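Here is how the chains run, residue by residue.
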Amino acid sequence: MDAKEVRPRLWWIAAAWGVAVVCVVAGVFVFVNGVANTVTDMAPTTTFAAGEQVSVSLDPEERPAVYIAAQGRAAFTCEISGGPGQARLVNTPGRQTVTDGGRTWEQILLVNAPTAGDYQLTCAVQGEAGQDAGQDAGQEVQFGVGRDALSVAGGLVGGVAALLLIPGIGVLSAIIVTVVVLVRRRSHRRRLAAVG
């Protein structure tokens, strides 16, 4: 019996495992991309120095948050005004940080803006006596406005799901194809032996 006559051909197994490898690479790519997008979406897009007033465009659906980047702990105060409605600043539950561009940002406040619009935001660093710190302290501290960590968690969850599902489906499919091909080849080999 000629081995070339046995069906299905072994290249089906090689092709199935090739697809599995592609699925693993795709899953890792989607995961890394999801993590990178999560960091980018969360990190402050508007930054400003202590004592500086900035105008920020806020949308409550994006769950805006105020971040601080400081060397060590800093006492601060922030105020928000303007806009189409009265916005409030509320403390962040827990401690959430994000590193972007070599700078570590800590989420310090959530912004409860009733409607989308442009608001004015000012943050100051407090000195030891409770008064505004000098110019040097202000330069060491940066504030920024980004998104709440929980609002962008969906990208991270999607990335983890892709990391598990896409390679899982590829490998499972390759295992099924391998088993089916080997079983059918054995059956076909028996039939050829019975005929020959």
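Residues numbered from 1 in each chain as written. Predicted model: local features only at pLDDT ≥ 70, side-chain atom pairs only at ≥ 80, totals over all residues. Heavy atoms only, no water.

Engineer: What is the right way to read the pattern of salt bridges from this model?
Structural biologist: Any two side chains of opposite charge can pair, so long as their charged atoms come close to each other. Counting across every chain of the model gives 2 salt bridges. Notably, a salt bridge pairs Arg63 with Asp148, separated by 2.3 Å at the nearest N-O pair. Of this pair, Arg63 sits in the loop between β2 (53–58) and β3 (64–69) while Asp148 sits in the loop between β9 (142–147) and α3 (153–195), placing them 85 residues apart in sequence. A residue is classified by how much of its surface remains accessible, and Asp148, at 2% relative accessible area, is buried. (Salt bridge = Lys/Arg side-chain N within 4 Å of Asp/Glu carboxyl O. Helix = DSSP H or I, 4+ residues; strand = E, 2+ residues; numbered from the N terminus. Buried < 20%, exposed > 50% of the residue type's maximum accessible area, 1.4 Å probe, protein only.)

Engineer: Any chance you could explain the state of the cysteines here in plain terms?
Structural biologist: Simply put, disulfide is the name for a covalent bond between the sulfur atoms of two cysteines. Applying the stated criterion across every chain, the model contains 1 disulfide. The residue that forms a disulfide with Cys78 is Cys123, at a sulfur-sulfur distance of 2.1 Å. Where Cys78 bonds to Cys123 through sulfur, the torsion about that S-S bond is close to 110°, and the disulfide is right-handed. On the criterion of sequence distance, the pair formed by Cys78 in strand β4 (residues 76–82) and Cys123 in strand β8 (residues 117–125) is long-range, its members being 45 residues apart. Each member of the pair, Cys78 as well as Cys123, is classed as buried. (Disulfide = S-S within 2.5 Å.)

Engineer: So what exactly am I meant to see when it comes to the sheet that holds β8 here?
Structural biologist: Strand pairing in a sheet takes place through backbone hydrogen bonds and is either antiparallel or parallel in direction. What the 3 strands build is an open sheet, ordered β2-β8-β4; its pairing is antiparallel. Strand pairing shows two members of the sheet lacking a second neighbour, β2 and β4, which therefore form its edges. Across the sheet, the mean angle from the axis of one strand to that of its neighbour is 30°, orientation sign disregarded. (Pairing = 2+ DSSP bridges. Axes fitted to C-alpha atoms, helices over the stretch in contact; angles between N-to-C directions.)

Engineer: In this structure, what is going on with the packing of aromatic side chains? I would like to understand it.
Structural biologist: Aromatic ring pairs: the centre-centre distance and the angle between the two ring planes describe each pair. A full pass over the atoms with the stated rule returns 3 aromatic pairs. For the ring pair Phe48 and Phe143, a centre distance of 5.9 Å and an interplane angle of 25° mean the geometry is stacked. Of the two residues, Phe48 is situated in strand β1 (residues 46–49) and Phe143 in strand β9; the sequence distance between them amounts to 95 residues. When its relative accessible area of 0% is taken as the criterion, Phe143 is described as buried. Aromatic side chains Phe76 and Phe143 sit 6.4 Å apart centroid to centroid with 65° between the ring planes, which places their arrangement in the edge-to-face category. With Phe76 in strand β4 and Phe143 in strand β9, this residue pair connects regions lying 67 residues apart in the sequence. (Phe/Tyr/Trp six-rings, centres within 6.5 Å; stacked < 30°, edge-to-face > 60°.)

Engineer: Quick question: what am I supposed to make of the side chain of His188 here?
Structural biologist: Looking at the secondary structure, you find His188 in helix α3. The buried category is assigned to His188, whose relative accessible area is 16%. A polar atom in the side chain of His188 sits 3.0 Å from the backbone nitrogen of Arg7. In contact with His188, other than residues within four places in its own chain, are Glu5, Val6 and Arg7. (Polar contact = N/O pair within 3.5 Å; in protein donor to acceptor, adjacent residues only side chain to side chain. Contact = heavy atoms within 4.5 Å.)

Engineer: What exactly am I supposed to notice about a nonpolar patch on the surface here?
Structural biologist: Among the surface-exposed residues, Leu156, Val160, Leu164, Leu165 and Ile169 lie close enough to one another that they form a single nonpolar patch of about 470 Å² accessible area. On the secondary structure map, Ile169 appears in helix α3. Of the residues examined, Ile169 reaches a relative accessible area of 55% and is grouped as exposed. (Patch = residues over 30% accessible without salt bridge, like charges linked within 9 Å, V, L, I, M, F, W, Y side chains within 5 Å. Areas by Shrake-Rupley, 256 points an atom, 1.4 Å probe, with all protein chains shown as cover.)

Engineer: Hey, could you run me through the pairing of β9 in this one?
Structural biologist: Where a strand is regular, its side chains alternate between the two sheet faces. Within β9, 5 of the 6 residues are buried, which leaves it mostly tucked inside the rest of the structure. With 6 bridges joining them, β3 and β9 adopt antiparallel strand pairing. Residue pairing in the sheet places Pro64 in a bridge with Arg147 of β9.

Engineer: Please clarify how the nonpolar core should be interpreted in this entry.
Structural biologist: When a protein is soluble and globular, its nonpolar side chains tend to lie buried together. Of all hydrophobic cores here, the largest spans 20 residues; its most connected members are Phe48, Leu58, Val66, Ile80, Leu121 and Phe143. Secondary-structure elements contributing two or more residues to this core are β2, β3, β4, β7 (103–112), β8 and β9. The greatest single-element share of this core, amounting to 4 residues, is contributed by β8. In contact with Val66, not counting residues within four places along its chain, are Cys78, Leu89, Glu106, Gln107, Ile108, Leu109, Val111, Leu121, Cys123 and Gly144. (Core = buried A, V, L, I, M, F, W, Y, C linked by side-chain atoms within 4.5 Å.)

Read these as spatial facts, not as claims about activity.
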